[in-house]
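# Observations on chain architecture
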Number of protein chains: 2
Amino acid sequence: MHASLRARSHVWNADTVTTPPPGLPPPGLRERKKQATREALREAALRLAVERGPEQVRVEDIAEAAGVSPRTYNNYFASREQAIVSAVTADREARIAAAVAARPAGVRLADAVTEAAVEQYTNTSEREHQALLLITTQTALRDAFLDTTAGIEPPLTAVIAERLGDAGAHTARVLAASVAAAIRIALEGWLRPAGNAEAAGSFGAGGLVVPSGSLPDQLRAALAPLAPAFDAAERRTQP
Amino acid sequence: MHASLRARSHVWNADTVTTPPPGLPPPGLRERKKQATREALREAALRLAVERGPEQVRVEDIAEAAGVSPRTYNNYFASREQAIVSAVTADREARIAAAVAARPAGVRLADAVTEAAVEQYTNTSEREHQALLLITTQTALRDAFLDTTAGIEPPLTAVIAERLGDAGAHTARVLAASVAAAIRIALEGWLRPAGNAEAAGSFGAGGLVVPSGSLPDQLRAALAPLAPAFDAAERRTQP
DNA sequence: CAGGAAAAGTGCGTGCACGCAAGTTTGCGT
DNA sequence: ACGCAAACTTGCGTGCACGCACTTTTCCTG
């Protein structure tokens, strides 16, 4: 059944250490240390991966560099790849949701989502771009990065549900998942240039794929087909 | 960031042993033995999982029961869970695509897809239902089963692309991925009853989720929001 | 300001995924 | 029929994910 498209790829978030939804009381020392550890691991993982090749970094090294035990390391990250990728991902999931919520209630929901996504993926900081190059070099990292999109679903579901009202809660879930899938496709197409020919799966006819434009273009193109669904959903709540 | 929703879950298809798209020449001895081995492993995995608990089955046991080395086992399956789940899944991916292609060209594409999905998931054979009960007992199996939906995407992309023409190749990909996501959601909702309360993720408002109807209902409900997107895509090719 | 419970960190052991480098079988051309 | 090349199998070694039981840290409540 098809080639090894998408091999092993631990989907996001297998950590034991839970981070509760931002509580109103001051975070408390406990939370702050947790986040500090998390960032220390992220940082160490990325730094080591850049210094030596990503292949030459064992979890033991990351843990040591961050000053924790290896066992603790994987209370935070389910795989070596996650640790590295999370450094460039940070909390983009939450930022996208926030960006959608920030748009005035007047605009089309489809546009709000699309622009929010484009916006959050084009903020290409300096180190982030450097790390992206690193990611493209290794399939495992590439996959881990793509799996990041799954994390967008829950917060996006929340904001969409907010706009659609309680009646559309179910619809919101499906739309959010579709958006996540579309974004994944856009990212796939974007960082394809690394010459693998057997990309699009193995089905008969049209072997032509768009020659991969810029990321914003890819995102808009991938999200466009979903716009009618958003419009219909919106229309159903505000006739 | 959220609880451990969707922990480790090796996405489908990490096998080394490739199965080329069905060639026209007679399969040849090589292919037949490969499929035989695959089925022997599937069968052994399921049988052992049913006899003792799924937890009490090591890879070594499965391999031995199938008469191959443990190393060969994971040339076919990337995880223990895949082997077990694949016994109930068989090639449902291809069947769904075929079912879509089978529908007359006159019907709405959205309907064709929905009905094809419902049809292929309601053929609950005897042993299959038994195995589904087994799956619900263990989170790892549940996740592996849900990840099966990812495999629907490639063949579904092909048939949808066929109906939309080459212009809609890109759209087809996004729609297929959305359908896969929707089906996943439907399945999630369906085999939820196993009392876990922290299901829907952790976002503020509406904690009400539909009390999970039958599988066909869940599927139709999950796919309905995508219908407008299909209609629009179809309209664009045949005005 | 205790004291005790909850949560995070740690050491250890087990089974597993997977790369590598033979060995073995199958298929095909001459 | 022969033999070569490609494909599959296998043994071995390595690093890793993760459960369990235990220690340490943080937080809350009387």
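## Describing the overall build of chain A
Broken down by element type, chain A carries twelve helices and zero strands. Going from N to C terminus, chain A has its helices and strands arranged as α-α-α-α-α-α-α-α-α-α-α-α. The buried share of chain A, reckoned over its 239 residues, is 49%. Considering only contacts in chain A between residues 6 or more positions apart, those separated by 24 or more positions represent 71%. Total accessible area computed for chain A in this model is approximately 11,200 Å², and 56% of it derives from carbon and sulfur atoms.

## What about the pattern of salt bridges?
A pair can form between side chains of opposite charge whenever their charged atoms are brought close. Taken as a whole and judged by the stated rule, the model has 34 salt bridges over all chains. Its salt-bridge partner being A:D61, residue A:R58 comes within 3.4 Å of it at the nearest N-O pair. Here B:E128 and B:R92 are joined by a salt bridge, their closest N and O atoms 2.1 Å apart. One end of the pair, B:E128, is in helix α7 (residues 126-136); the other, B:R92, is in helix α5 (residues 92-102), with 36 residues separating them in the sequence.

## Some remarks on the protein's contact with DNA strand D
Around DNA strand D, a shell composed of 24 residues is seen, among which A:R30, A:R71, B:R30, B:K34 and B:T72 lie nearest. The sugar-phosphate share of atoms of DNA strand D within 4 Å of the protein amounts to 68%. One of the backbone nitrogen or oxygen atoms of A:V59 is found 2.9 Å away from a phosphate oxygen of DNA strand D. A distance of 2.5 Å is found between a base oxygen of DNA strand D and a side-chain nitrogen or oxygen belonging to A:R71. Looking at the surface near DNA strand D, the elements that each hand over two or more residues are α1 (28-51) and α3 (70-76) of chain A together with α1 (28-51) and α3 (70-76) of chain B. Residue composition of the surface near DNA strand D, by class: seven nonpolar, eight polar and nine charged.

## Notes on the environment of A:L109
Residues and elements named next belong to chain A. Turning to its location among the elements, L109 is positioned in helix α6 (residues 109-122). L109 sits 124 residues away from A233 along the chain, and the two C-alpha atoms are 9.4 Å apart. Contact partners of L109, with chain neighbours within four places excluded, come to I160, R163, L164, F230 and E234.

## Here's the deal with the nonpolar core
Most often, soluble globular proteins have nonpolar side chains that are buried together. Grouped together as the largest cluster of nonpolar side chains are 130 residues, with contacts concentrated most on A:I160, A:F230, B:I160 and B:F230. Inspection of this core shows a minimum of three residues originating in each of domain 1 (1-21 + 28-88) and domain 2 (90-195 + 209-239) of chain A. Aside from chain neighbours lying at most four places away, what touches A:F230 is A:L109, A:A110, A:V113, A:I160, A:L175 and A:V179.

## Quick look at the environment of B:T149
Residue and element names in this part refer to chain B. On the secondary structure map, T149 appears in the loop between α8 (139-147) and α9 (153-164). Of the residues examined, T149 reaches a relative accessible area of 4% and is grouped as buried. The contacts of T149, once residues within four sequence positions are left out, are Y121, A180, I183, R184 and L187. Polar side-chain contacts of T149 include one of 2.7 Å to the backbone oxygen of L146.

## Considering the side chain of B:N75
Tracing the sequence through the fold places B:N75 in helix α3. Its relative accessible area of 19% is what places B:N75 among the buried residues.

## Notes on helix α10 (residues 169-190) of chain B
The terminal C-alpha atoms of α10(B), which comprises 22 residues, lie 32 Å apart, in line with the 32 Å expected from a rise of 1.5 Å per residue. Taking burial as the measure, the 22 residues of α10(B) include 18 buried ones, the bulk of the element.

## Describing the packing of aromatic side chains
Residue and element names in this part refer to chain A. This structure, assessed with the given rule, holds two aromatic pairs over all chains. With 6.3 Å between their ring centres and 35 degrees between their planes, Y73 and F77 make a pair best called tilted. The pair formed by Y73 and F77 is uniform in burial state, with each residue classed as buried.

The rules behind these values
Residues numbered from 1 in each chain as written. Chains lettered and ligands numbered in written order. Predicted model: local features only at pLDDT ≥ 70, side-chain atom pairs only at ≥ 80, totals over all residues. Heavy atoms only, no water. Helix = DSSP H or I, 4+ residues; strand = E, 2+ residues; numbered from the N terminus. Buried < 20%, exposed > 50% of the residue type's maximum accessible area, 1.4 Å probe, protein only. Contact = heavy atoms within 4.5 Å. Areas by Shrake-Rupley, 256 points an atom, 1.4 Å probe, with all protein chains shown as cover. Salt bridge = Lys/Arg side-chain N within 4 Å of Asp/Glu carboxyl O. Near = heavy atom within 4 Å. Polar contact = N/O pair within 3.5 Å; in protein donor to acceptor, adjacent residues only side chain to side chain. Nonpolar A, V, L, I, M, F, W, Y, C, P; charged D, E, K, R; others polar. Core = buried A, V, L, I, M, F, W, Y, C linked by side-chain atoms within 4.5 Å. Domains from an automatic or database assignment. Expected span 1.5 Å × (residues − 1). Phe/Tyr/Trp six-rings, centres within 6.5 Å; stacked < 30°, edge-to-face > 60°.

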